[in-house]
Amino acid sequence: MKEIRIGIIGTGVMGADHAAILADGVANARLVAVQDFDRGRAENVAVSLGVRAAADADALISDPDVDAVMVCSPDGTHAALALRAIAAGKPVLVEKPLAASSEDAEAIIRAEVAAGKRLVQVGFMRRFDAGYVEMKQALASGELGRPLFLHCVHRNAVGPDYLTSELVIANSAGHEFDIARYLLDEEITSAVVASPPATRNAPNRQPQFILLQTASGVVVDIEVFTDAQYGYDVRAELVCEDGTVALDPSPATTLRAKGHDGFRTPADWRPRFRQAYRAQLEAWTAGILTQTPSGSSAWDGYMAMLVTKACLQAWKTGNRVAVELTAKPSLYQ
Ligand SMILES: NC(=O)C1=CN([C@@H]2O[C@H](COP(=O)(O)OP(=O)(O)OC[C@H]3O[C@@H](n4cnc5c(N)ncnc54)[C@H](O)[C@@H]3O)[C@@H](O)[C@H]2O)C=CC1
Ligand SMILES: O=C1[C@@H](O)[C@H](O)[C@@H](O)[C@H](O)[C@H]1O
């Protein structure tokens, strides 16, 4: 089977991790080029992995030996780069969030609809995490009955430097907005936000507590605390009429040493979701080869942006805010 030759734009924490997973071997895929605003950073990755360092993003996107593009640069650069990939007719996996504003996300939807082809996938990799997939299967089996609550916890040990109180919602909580839509298979229609004061460990950003409700009335509560200190801890429990199903991310072993009894918490998202990042890459490239898109579409990314917009308004006003939903184009049916 033909392999997909991949170029990565942005070789920081996430881009370098995707590059390492590709270099480690992903079916149907091969990393061939990288590019970064910090040329030296890109060249270090290029030399270590034996791939090309492109002069700029346009050179990478237009390279005839690059079949598909990954955008792993900061949120504010995603929309312009996605639009350039769409204009070049190249499949593009855009790291979350799809864009830095719902208006920019709308421009991507318009461009992809005009192209008449699904080219964009958004990097909400939790849809490929074995635990979340099992949660969705358990709900689909019918044995649990109707869903009532989805409880979510999303804790980082220490958040990335660029995170603000707003980005705790717009950048971090977006994972839960997308996974709630994936698990419940329906739209989120309203948001309320409550925030405790910022902690002494991260005085410039508040932990956020978000209460969403879906079209059928399911209540989704999300604690996002990006400076929890002890480790990276993501939890989810779906509570239904006849039972519950929850993530159990504990590793194969528990550790007992020096007064410690339990398992080591992961340092960050990379070890915790390593299987999901790999599965996302395998599904993305297989989908390109077979013309069957996988994962979060640009429409899913746009819906997450609309939930983000409502949450930010709820955070600023203290009010319950309706999500401004809009009709889904046939391209995404
Ligand atoms: N799916 C997931 O779990 C994760 C997703 N992300 C997403 O990945 C993106 C990058 O995040 P990090 O890797 O943590 O940031 P980072 O700051 O570590 O890396 C960003 C890189 O992009 C480069 N860059 C900046 N502007 C650029 C431009 N115009 N063109 C090319 N390169 C440019 C920077 O020099 C830097 O090397 C963000 O959008 C973030 O939301 C980040 C971490 C986890
Ligand atoms: O997407 C990610 C980061 O961008 C974000 O900043 C973290 O809070 C998330 O846990 C991680 O998965």
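What counts, and at which threshold
Residues numbered from 1 in each chain as written. Chains lettered and ligands numbered in written order. Predicted model: local features only at pLDDT ≥ 70, side-chain atom pairs only at ≥ 80, totals over all residues. Heavy atoms only, no water. Helix = DSSP H or I, 4+ residues; strand = E, 2+ residues; numbered from the N terminus. Buried < 20%, exposed > 50% of the residue type's maximum accessible area, 1.4 Å probe, protein only. Contact = heavy atoms within 4.5 Å. Pairing = 2+ DSSP bridges. Axes fitted to C-alpha atoms, helices over the stretch in contact; angles between N-to-C directions. Expected span 1.5 Å × (residues − 1). Polar contact = N/O pair within 3.5 Å; in protein donor to acceptor, adjacent residues only side chain to side chain. Near = heavy atom within 4 Å. Areas by Shrake-Rupley, 256 points an atom, 1.4 Å probe, with all protein chains shown as cover. 1 Å grid on protein atoms, 1.4 Å probe; cavity = no way out; pocket = protein on both sides within 12 Å on 5 of 7 lines; lining within 4 Å. Sits in = over half its atoms within 2 Å of the grid points. Nonpolar A, V, L, I, M, F, W, Y, C, P; charged D, E, K, R; others polar. Domains from an automatic or database assignment. Points joined across faces, edges and corners; volume = space filled by probe spheres on them. Salt bridge = Lys/Arg side-chain N within 4 Å of Asp/Glu carboxyl O.

### Re the environment of V224
Next up, step 1: Structurally, the position occupied by V224 is in strand β10 (residues 219–225).
Next up, step 2: Given a relative accessible area of 0%, V224 falls into the buried group.
Next up, step 3: With sequence-adjacent residues up to four places away left out, V224 is seen in contact with H154, V168, S172, A173, P207 and Q208.

### Some remarks on the sheet that holds strand β5 (residues 92–94)
Whenever strands of a sheet pair, they do so through backbone hydrogen bonds, lying parallel or antiparallel.
Next up, step 1: The 7 strands are arranged β3-β2-β1-β4-β5-β6-β15 in an open sheet whose pairing can be described as mixed. Two strands lie at the open edges of the sheet, namely β3 (52–53) and β15 (296–297), each paired on one side alone.
Next up, step 2: Relative to strand β4 (residues 68–71), strand β1 (residues 4–9) is paired through 4 bridges, and the arrangement is parallel. Residue pairing for β4: I8 is matched across the bridge by M70.
Next up, step 3: Against the sheet, helix α2 (residues 39–49) touches β2 (29–35) and β3, its axis set at about 150 degrees to β2.
Next up, step 4: Contacting β1, β4, β5 and β6 (120–122), helix α4 (residues 78–87) runs over the sheet at an angle of about 170 degrees to β5.

### Observations regarding helix α11 (residues 298–317)
Next up, step 1: With 20 residues, α11 should reach 28 Å at 1.5 Å per residue; the first-to-last C-alpha distance of 29 Å fits that figure.
Next up, step 2: Counting buried residues in α11 gives 15 out of 20 residues, a clear majority hidden from the surface.
Next up, step 3: Capping the start of α11, S297 holds a side-chain oxygen 3.1 Å from the backbone nitrogen of W299, two or three residues further along.

### Section: the site of ligand 1
Next up, step 1: Close to ligand 1 lie 25 residues; D36, R41, D75, K96 and Y277 are nearest.
Next up, step 2: The separation between an oxygen atom of ligand 1 and a polar main-chain atom of V13 is 3.0 Å.
Next up, step 3: In this structure, an oxygen atom belonging to ligand 1 sits 3.0 Å away from a side-chain N or O atom of Y162.
Next up, step 4: Summarising the interface, the protein chains cover 85% of the accessible area of ligand 1, which totals 850 Å² for the free molecule.
Next up, step 5: With respect to the detected pockets, ligand 1 is housed in the largest pocket.
Next up, step 6: Of the residues in the shell around ligand 1, the class split is 10 nonpolar, 9 polar and 6 charged.
Next up, step 7: Looking at which domains feed residues into the shell around ligand 1, each of domain 1 (4–124 + 276–297) and domain 2 (127–268 + 305–322) gives three or more.

### Focus on the layout of surface pockets
Next up, step 1: The space that makes up the largest pocket amounts to roughly 910 Å³.
Next up, step 2: Looking at the largest pocket, it is lined by 35 residues, and the ones nearest its centre are M14, C72, S73, P74 and Y162.
Next up, step 3: Elements with a minimum of two residues in the lining of the largest pocket: α1 (13–24), α4, α7 (165–172) and α9 (269–272).
Next up, step 4: No other element matches the 3 residues that α4 contributes to the lining of the largest pocket.
Next up, step 5: When the residues that make up the lining of the largest pocket are grouped by side-chain class, the tally is 14 nonpolar, 13 polar and 8 charged.
Next up, step 6: Counting contributing residues, the lining of the largest pocket receives three or more from each of domain 1 (4–124 + 276–297) and domain 2 (127–268 + 305–322).

### Observations concerning unusual backbone geometry
Next up, step 1: Of note, the amide linkage connecting K96 to P97 takes the cis form, showing an omega dihedral of -5 degrees.
Next up, step 2: Note that P97 resides in the loop between β5 and α5 (102–115).
Next up, step 3: Non-glycine residue Q291 carries a positive phi angle of around 60 degrees.
Next up, step 4: Relative to the helices and strands, Q291 resides in the loop between α10 (274–290) and β15.

### Topic: the sheet that holds strand β7 (residues 147–155)
Next up, step 1: Pairing is mixed in the open sheet, where 7 strands are placed in the order β12-β11-β7-β10-β9-β8-β16. Sheet topology places β12 (243–246) and β16 (321–322) at the edges, where each strand pairs with a single neighbour.

### Some words on the domain arrangement of the protein
Next up, step 1: On domain assignment, one finds that the protein holds domain 1 (4–124 + 276–297) and domain 2 (127–268 + 305–322).
Next up, step 2: Distance between the C-alpha centres of domain 1 and domain 2: 26 Å.
Next up, step 3: On the domain 2 side, the residues contacting the 20 residues of domain 1 number 12 residues.
Next up, step 4: Taken together, domain 1 and domain 2 are joined by 1 salt bridge.
Next up, step 5: When the shortest N-O distance is used, the salt bridge between E103 and K309 registers 3.9 Å.
Next up, step 6: Here domain 1 and domain 2 share 5 residue pairs in polar contact (both at pLDDT 80 or more) between them.
Next up, step 7: Among the elements of the structure, α5 and α10 are those that each provide at least two residues to the side of domain 1 that touches domain 2.
Next up, step 8: The biggest single contributor to the side of domain 1 that touches domain 2 is α10, with 4 residues.
Next up, step 9: Residue composition of the side of domain 1 that touches domain 2, grouped by class: 9 nonpolar, 8 polar and 3 charged.

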